[in-house]
Protein chains: 4
Amino acid sequence: MIFFSSDYSQGAHPEVLAALARTNLEHTDGYGLDPHCENAADTVRSLIGDDTASVHFMVGGTPCNVTFAAAVLKPFQSVIAAHTGHIYFHETGALEGTGHRIVTVEAPEGKLTPELIELALEEYQDEHTPKPGLVYISQPTELGTLYKKAELEAISRKCREHGLIFYIDGARLGAALTCRENDASIRDIAALCDAFYIGGTKNGALFGEALVIKNTIDDGSFRHMIKRQCGLLAKGRLLGVQFEALLDGGEESLLYRIGRHENEMAELLREGLEKLGVGFIGNSRTNQLFPILPAEAVRELKRDFFFYEWRREKDGMIPIRLVTSWGTQRSDVEEFLLRLGELLRACPEA
Amino acid sequence: MIFFSSDYSQGAHPEVLAALARTNLEHTDGYGLDPHCENAADTVRSLIGDDTASVHFMVGGTPCNVTFAAAVLKPFQSVIAAHTGHIYFHETGALEGTGHRIVTVEAPEGKLTPELIELALEEYQDEHTPKPGLVYISQPTELGTLYKKAELEAISRKCREHGLIFYIDGARLGAALTCRENDASIRDIAALCDAFYIGGTKNGALFGEALVIKNTIDDGSFRHMIKRQCGLLAKGRLLGVQFEALLDGGEESLLYRIGRHENEMAELLREGLEKLGVGFIGNSRTNQLFPILPAEAVRELKRDFFFYEWRREKDGMIPIRLVTSWGTQRSDVEEFLLRLGELLRACPEA
Amino acid sequence: MIFFSSDYSQGAHPEVLAALARTNLEHTDGYGLDPHCENAADTVRSLIGDDTASVHFMVGGTPCNVTFAAAVLKPFQSVIAAHTGHIYFHETGALEGTGHRIVTVEAPEGKLTPELIELALEEYQDEHTPKPGLVYISQPTELGTLYKKAELEAISRKCREHGLIFYIDGARLGAALTCRENDASIRDIAALCDAFYIGGTKNGALFGEALVIKNTIDDGSFRHMIKRQCGLLAKGRLLGVQFEALLDGGEESLLYRIGRHENEMAELLREGLEKLGVGFIGNSRTNQLFPILPAEAVRELKRDFFFYEWRREKDGMIPIRLVTSWGTQRSDVEEFLLRLGELLRACPEA
Amino acid sequence: MIFFSSDYSQGAHPEVLAALARTNLEHTDGYGLDPHCENAADTVRSLIGDDTASVHFMVGGTPCNVTFAAAVLKPFQSVIAAHTGHIYFHETGALEGTGHRIVTVEAPEGKLTPELIELALEEYQDEHTPKPGLVYISQPTELGTLYKKAELEAISRKCREHGLIFYIDGARLGAALTCRENDASIRDIAALCDAFYIGGTKNGALFGEALVIKNTIDDGSFRHMIKRQCGLLAKGRLLGVQFEALLDGGEESLLYRIGRHENEMAELLREGLEKLGVGFIGNSRTNQLFPILPAEAVRELKRDFFFYEWRREKDGMIPIRLVTSWGTQRSDVEEFLLRLGELLRACPEA
């Protein structure tokens, strides 16, 4: 069985696991108050060129999104997000669980724009509505698409104009930063938003995300908030150790190398699919692809390949999601394309 | 530097780490829907002799406590706990964060009794008070003491009499189960309460706890609740793999072996301290000890040993906490006692 | 100045005020534990033909909606409502404030259907989404439209099929029950849903709503919930006294008489507007009308009449909202139509 | 039956009711945006000598306490209160319902002190505890006792020193301000705390409290918060009208006149009880008294008088609570004392 199901179906990248093994017998203080976390936080600050930012290591993406938003919003404030945003469609109402509405807009290619934000604001001016206080986007988006630097700048300006906090979910930030079409560096990201996180779970770690908060936002009490939201890991140094392994080396670090590999495998896959005449949902250039395949081919492929159907069958076609990861082999892609080619030739009418 | 600071200051027990390394390249489904979690859950059910219980693997103890209580309480219900209970004094109000009061009582040796529960109930009969709905205890307690089986039975009866859910925090359950004075087996625990967890973080895992819920309580929706509380780990199989490593082998499993080792080291330490004429807070028989030492000796010991002061200095004496773990060596204990002996002889008046 | 701004712009109907004055010096127990509340609750039970229902008197509609939903939903459950539903667009996120998402659907004429509910359910099957647990509708809707009995039956069946709680917001129920086109009696309403409220605030009371909960849903703890949500009125008997005044006399009671008057005034207004060639948003048959008028006429009318603009000016036209109430005089309507007629004749091109 | 059960067992003082009747047919905007609320708010500002304070009229005391605290606290912050504080023992966990712990201290006579606040702070320094953010007291306390001006100043200083918000629950503020032993004027109160409310419900209104917030605390968004907490009254002007009736006239206003009457009646009662040799819980000088009577006398008194038992019978004695109100007659007091005298003479051994 070959896996294109997700970028978190295996354990950690061997270099990450080695770092955990190497430091396993060290004794350190708990809850992230250890030299590895301190060192990894310094590396993050150096990478983004902001030595005043605070860096908190969290176990997962949902805890990052929810803990941060719940910390900075007033009780009656809401979050603006794309309808496809992870915080809305894949977190079981965790943000609402902290008392806040998510105001969603239909965003083409999963991307918010200043105009869409403006639309949401107009509907929420009355004191009988929960006033928007934060804008949530993902880079890359949940559909694999990318915000260009100019688009991020425009959103950032719109947020500042309206006193909205600008937050970027970077669950797959490694894939975004290393995408050939990307023009927004991690320094740009850090400069344009108020907070974002660098995803580890989907970029080779066992688990873990590095949440970066501008010092204008973090008043020093965020650790209280993490614990109050049940998110403070006892052996917190595990997060520091993994981010040391991921981030050391700047653009040649493991995070970047994994991102480049994922994108390269995805590109190979996309080009092969295009050659086979396959259409896609959206225009992803990162490590998630959404090809639309004949239902019969999908059913056959499932014998040898593991992936998720993205939407229901319609007119005999099923959109599926293919994800490449640090563990994806070139041969995996080739086998998939070969098998699909055979299947498509066998049912040419599709 | 020798560490008696906590049972989570190192990484994982080597056997746990080996299991993680061995399974690292496997592909599995995420979020705990994998064969390792399934297998580990079966092992738990077999260990407790209840094949209908549901088992959920969580990242930490605070998430277990809070997610379970928030799932089963009605919005206006409260939790009864000892003032020293972890859920009250060490979780930054995480349970209150879900909308529930913790009603605390002063509990000698950190142990609730039916009489103390009754006292709390009497004060909370009016509809202008948040009605107690759950009783929280820890086995062993946060002071290292143990509930005897008869004491657990009495609390269980009191809970059933009043329709209270009975929950046991087993962060250090391994140490309790293997304590020489313990007479409550894990089957007794499981039979007497409605839910409890088997702690991994403080018993040799990198992280992770196995939350066990009686089938009379879990209506099948608890996974929604875990995700809503931000507690669903993407690479959930890491929890399953670790609990396979910890639980395989029944009373000869790693969990029990670690527990026995911790208790043995603690006993050695306690006997040595007693020989030196040292007094203690409480009567712990598990892997946490609370000796009361001369302030000067404490300051000297800190040069070579790492531990926490438990309370403030008073009359020249400081109570400290010493914790043994899977990594504690017999020589660590001997060095500590030797050094303390020298210090006490040097300041005999203390 | 003549008012068509709302049905809560004056104090109470004189009969309600007289009842409050008449009982003012009585001493009673507080918090709704008094003979007036008991008596009014009996009257409600008799009116709906269900002597087992529990009846709770609340201060306002938002407290009814939010307290009930928060009481019956599990933490990870959500509410399905029309995008125009009061609970969504006019309560400042109060329901989300208790931790629950509102899943909205675009509902023509503000009315949910089984098909729209089905659509929402389909999108919320995954355990990473907040599972719908309650369906919220308003009778009449926020756009003045009515559900026919057959439509309510169809929603009721759909709810039972999926284990959804069915709740009806009756802020203006008096207007619905007495509308000429209505075929759903209060007994039908009570039989088809799990809980609903009879609005007092918008039907002649100073304030107050009678929340009716089927005995299959209320486990006797709802008063705890009201207090926990800050909704228990100290002088609770004020609510009982007002509902005695409103409900005594069945279909000849003040509630019904006010409803009939409101509808009669609205009908007069609607027929006059139609004669003037005015178009409407929606097809309201109750006491709220949404005529679309030339912007210039709107501005002129505001000199003598008080009402709200419903949406922004578009193509020179502004939709406004006109509401009739127990205090609306026939002469108020006539003056409005007369003045509007003059204005429309003066700007015939509009 | 003569009532000493509470100061909210009757309707409104006749002057308040008259004001409601007089203004009943006026049309105004809803939700407190009306001339009466504006005028009453101006009167409050003038009374306290702070023309920048914001004034919000709320329906009850619990909504004031909870809405304010929930608005100003960060999610992980807690409230310090006396164990007898209304917010703790009589609001069904409403504050915890918004996610915050109440840290209680045993306060002699129901009064907090800087020393008790300090004690609470010491226990809550660790980031694993919910950091105190607000100090809650009641003037007069729930036991009828009063803070002297110097005591309020000391608490105020302690709060400022530690960055704690200082909030005063004035449910019975009228009784405090007019108590012979009081030396803290309403201007002192307003100057020393960050927010407080002037109780109407227990001082002659049908319902309603005037919440006063210093402009350093209210950022203009508090009305959003009121609505989000379900506390915005549709016919908000009812609150304005009542507070106009209560507050017009400064120290000769109805609020002060009612307070003086309540205290005078309570003094008469207290002196009579003392003459009969009756002992008390606490040293109340306002309109609540807590005499300790023989159980037999209590049972007999209940035939003609309505009051609450405050604690359980112990050694044949029962502490009861007697409350005087605007409606208490001198003859009510005399009859009570006469009857009690007879009963005590009949059972002299008690």
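**Some thoughts on the domain arrangement of chain A**
Residue and element names in this part refer to chain A. Partitioning chain A into domains gives domain 1 (2-6 + 257-346) and domain 2 (14-252). Taken over C-alpha atoms, the centre of domain 1 sits 28 Å from the centre of domain 2. Summed over both sides, the interface between domain 1 and domain 2 buries roughly 1,700 Å², with carbon and sulfur atoms accounting for 47% of that surface. Area buried by domain 1 at its contact with domain 2 is led by Arg257, Arg260 and Thr286, which between them contribute 28% of it. Connecting domain 1 to domain 2 are four salt bridges. Of the charged contacts in the structure, one is a salt bridge between arginine 257 and glutamate 15, with a shortest N-O distance of 3.1 Å. Among the elements that make up the side of domain 1 that touches domain 2, the one with the highest residue count is helix α12 (residues 254-275) (seven residues).

**Regarding the interface of chain B and chain A**
With 43 residues of chain B at the interface, the matching set in chain A holds 43 residues. Scanning the region where chain B abuts chain A turns up zero salt bridges. There are 28 residue pairs in polar contact (both at pLDDT 80 or more) connecting chain B and chain A. When residues of the side of chain B that touches chain A are traced back to their parent elements, those giving at least two are α1 (14-22), α3 (61-72), α5 (94-97), α10 (222-228) and α11 (237-247) of chain B. Of the residues contributing to the side of chain B that touches chain A, the split by class is 21 nonpolar, 14 polar and eight charged.

**Section: the relation of the copies chain A and chain C**
Screw-axis analysis of chain A against chain C gives a translation of 0.0 Å along the axis, an RMSD of 0.0 Å, and a rotation angle of 180°. These values place the two chain copies in the arrangement generated by a two-fold rotation axis. Judged by C-alpha distance, glycine 99 of chain A is the residue of chain A that lies nearest the rotation axis, at 2.4 Å. Comparing interface residues between copies, 100% of those in chain A also lie at the interface in chain C; the contact surface is shared.

**Some details on the sheet that holds strand β8 (residues 209-213) of chain A**
All names here are of chain A. Strand order in the open sheet made by the seven strands is β2-β8-β7-β6-β5-β3-β4, with mixed pairing throughout. Taken across any chain shown, the strands that pair with only one partner, and hence form the sheet edges, are β2 (54-58) and β4 (102-105). Here the strands of the sheet are splayed against their neighbours by 20° on average, with no regard to which way each runs. Across four bridges, strand β3 (residues 78-82) lies against β4 in parallel orientation. Looking at the pairing, alanine 82 lines up with valine 105 of β4. Each of β2, β5 (132-138), β6 (165-169), β7 (195-199) and β8 touches helix α3 (residues 61-72); the most contacted strand, β6, lies at about 175° to it.

**With respect to the relation of the copies chain B and chain A**
Mapping chain B onto chain A leaves a residual RMSD of 0.0 Å; the transformation is a rotation of 180° accompanied by 0.0 Å of translation along its axis. Both copies contact each other with a shared surface, as 100% of the interface residues of chain B are interface residues in chain A too.

**With respect to the environment of valine 323 of chain B**
Residues and elements named next belong to chain B. The topology assignment puts valine 323 in strand β14 (residues 317-323). Under the relative-accessibility criterion, valine 323 is labelled buried at 0%. Spatially, the C-alpha atoms of valine 323 and phenylalanine 290 are 8.9 Å apart, while their sequence positions differ by 33 residues. Every residue in contact with valine 323, bar those within four places of it in the chain, is listed here: Phe3, Phe4, Ser5, Ser6, Asp7, Asn287 and Gln288.

**Focus on the packing of aromatic side chains**
Under the defined criterion, the tally for this structure stands at 44 aromatic pairs over all chains. Arranged with centres 5.4 Å apart and planes meeting at 75°, the rings of phenylalanine 4 of chain A and phenylalanine 336 of chain A form a pair that is edge-to-face. Of this pair, phenylalanine 4 of chain A sits in the loop between β1 (2-3) and α1 (14-22) while phenylalanine 336 of chain A is found in helix α14 (residues 330-346), placing the two residues 332 residues apart along the sequence. Given a relative accessible area of 0%, phenylalanine 4 of chain A falls into the buried group. What links up through ring pairs into an aromatic cluster is the set Phe4, Phe305, Phe307 and Phe336 of chain A. Of note, arginine 101 of chain A hangs over the ring of tyrosine 88 of chain C, and the distance from its end group to the ring centre comes to 3.7 Å. Over the ring of tyrosine 147 of chain C we find lysine 111 of chain C; its NZ or CZ atom is 5.7 Å from the centre of that ring.

**Side note on helix α7 (residues 149-162) of chain D**
All names here are of chain D. Spanning 14 residues, α7 covers 20 Å between terminal C-alpha atoms, matching the ideal 20 Å at 1.5 Å per step. The complete set of buried residues in α7 reads Leu152, Ala154, Ile155, Ser156, Lys158 and Cys159. One or two positions beyond α7, positive phi appears at glycine 163, with a value near 65°.

**Quick word on the interface of chain A and chain C**
Of the residues lining the interface, 25 residues belong to chain A; the matching set on chain C comes to 25 residues. Taken as a group, Thr92, Arg101 and His128 of chain A account for 33% of the area that chain A buries against chain C, more than any other trio of residues on that side. One can count two salt bridges joining chain A with chain C. With a closest N to O distance of 2.5 Å, arginine 101 of chain C and glutamate 96 of chain A form a salt bridge. For the side of chain A that touches chain C, the secondary structure elements donating two or more residues are α4 (86-89), α5 (94-97) and α6 (114-123) of chain A. Considering each element in turn, the side of chain A that touches chain C owes the most residues, three residues, to α4 of chain A. Within the side of chain A that touches chain C, the residues separate by chemical class into seven nonpolar, ten polar and eight charged.

**What about the pairing of β6 of chain A?**
Residues and elements named next belong to chain A. Burial analysis of β6 places five of its five residues in the buried class, which makes it a mostly covered element. Judged by which residues are buried, β6 turns out to be covered on both faces: Ile165, Tyr167 and Asp169 on one side and Phe166 and Ile168 on the other are all buried. Regarding topology, helix α7 (residues 149-162) serves as the crossover connection from β5 to the parallel β6, and that connection is right-handed. Examined bridge by bridge, β6 and β7 share two bridges and lie parallel to one another. Pairing of tyrosine 167 across the sheet is with alanine 195, part of β7.

**Let's talk about the sheet that holds strand β7 (residues 195-199) of chain D**
Residue and element names in this part refer to chain D. Read from one edge of the open sheet, seven strands run β2-β8-β7-β6-β5-β3-β4, paired in mixed fashion. The open sheet has two edge strands with one neighbour each: β2 (54-58) and β4 (102-105). Within the sheet, the average angular offset between the axes of one strand and its neighbour, ignoring direction, is 20°. By the bridge criterion, three bridges tie strand β3 (residues 78-82) to strand β5 (residues 132-138) in an arrangement that is parallel. For serine 78, the partnering residue across the bridge sits in β5 and is proline 132. Packing against the sheet, helix α3 (residues 61-72) makes contact with β2, β3, β5, β6 (165-169), β7 and β8 (209-213), and its axis sits at approximately 175° to β6. Strands β5 and β6 of the sheet are contacted by α7, whose axis makes an angle of about 145° with β6.

**Side note on α3 of chain A**
All names here are of chain A. Between its terminal C-alpha atoms α3 stretches 17 Å, which fits the 16 Å expected from twelve residues at 1.5 Å a residue. Counting buried positions over the twelve residues of α3 gives ten, a clear majority of the element. All of the buried residues in α3 are Gly61, Thr62, Pro63, Cys64, Asn65, Val66, Thr67, Phe68, Ala69 and Ala70.

**Focus on the side chain of serine 325 of chain B**
Residue and element names in this part refer to chain B. Mapped onto the elements of the fold, serine 325 is located in the loop between β14 and α14 (330-346). Look at serine 325 and you get buried, because its relative accessible area is 6%. Filtering out sequence-adjacent residues up to four positions away, serine 325 remains in contact with Ser6, Asp7, Gln10, His261 and Glu262.

**Concerning the side chain of serine 78 of chain A**
Mapped onto the elements of the fold, serine 78 of chain A is located in strand β3. Residues contacting serine 78 of chain A, with those up to four places away along its chain left out, are Leu73, Arg101, Val103, Pro130, Lys131, Pro132, Gly133 and Leu134 of chain A.

**Let's talk about the pattern of salt bridges**
Applying the stated rule across the entire model yields 84 salt bridges over all chains. Salt-bridge contacts for aspartate 188 of chain A lead to lysine 149 of chain A; the nearest nitrogen and oxygen are separated by 3.5 Å. Within this pair, whereas aspartate 188 of chain A is found in helix α9 (residues 186-192), its partner lysine 149 of chain A is found in helix α7, the two being separated by 39 residues in sequence. A residue is classified by how much of its surface remains accessible, and aspartate 188 of chain A, at 18% relative accessible area, is buried. Here arginine 303 of chain B and glutamate 300 of chain B are joined by a salt bridge, their closest N and O atoms 3.1 Å apart.

Calculation criteria
Residues numbered from 1 in each chain as written. Chains lettered and ligands numbered in written order. Predicted model: local features only at pLDDT ≥ 70, side-chain atom pairs only at ≥ 80, totals over all residues. Heavy atoms only, no water. Domains from an automatic or database assignment. Buried area = accessible area lost by both parts, 1.4 Å probe. Salt bridge = Lys/Arg side-chain N within 4 Å of Asp/Glu carboxyl O. Helix = DSSP H or I, 4+ residues; strand = E, 2+ residues; numbered from the N terminus. Contact = heavy atoms within 4.5 Å. Polar contact = N/O pair within 3.5 Å; in protein donor to acceptor, adjacent residues only side chain to side chain. Nonpolar A, V, L, I, M, F, W, Y, C, P; charged D, E, K, R; others polar. Least-squares fit on C-alpha atoms with pLDDT ≥ 70 in both. Pairing = 2+ DSSP bridges. Axes fitted to C-alpha atoms, helices over the stretch in contact; angles between N-to-C directions. Buried < 20%, exposed > 50% of the residue type's maximum accessible area, 1.4 Å probe, protein only. Phe/Tyr/Trp six-rings, centres within 6.5 Å; stacked < 30°, edge-to-face > 60°. Lys NZ or Arg CZ within 6 Å of the ring centre and 35° of its normal. Expected span 1.5 Å × (residues − 1). Right-handed = clockwise from strand over helix to strand, strands pointing away.

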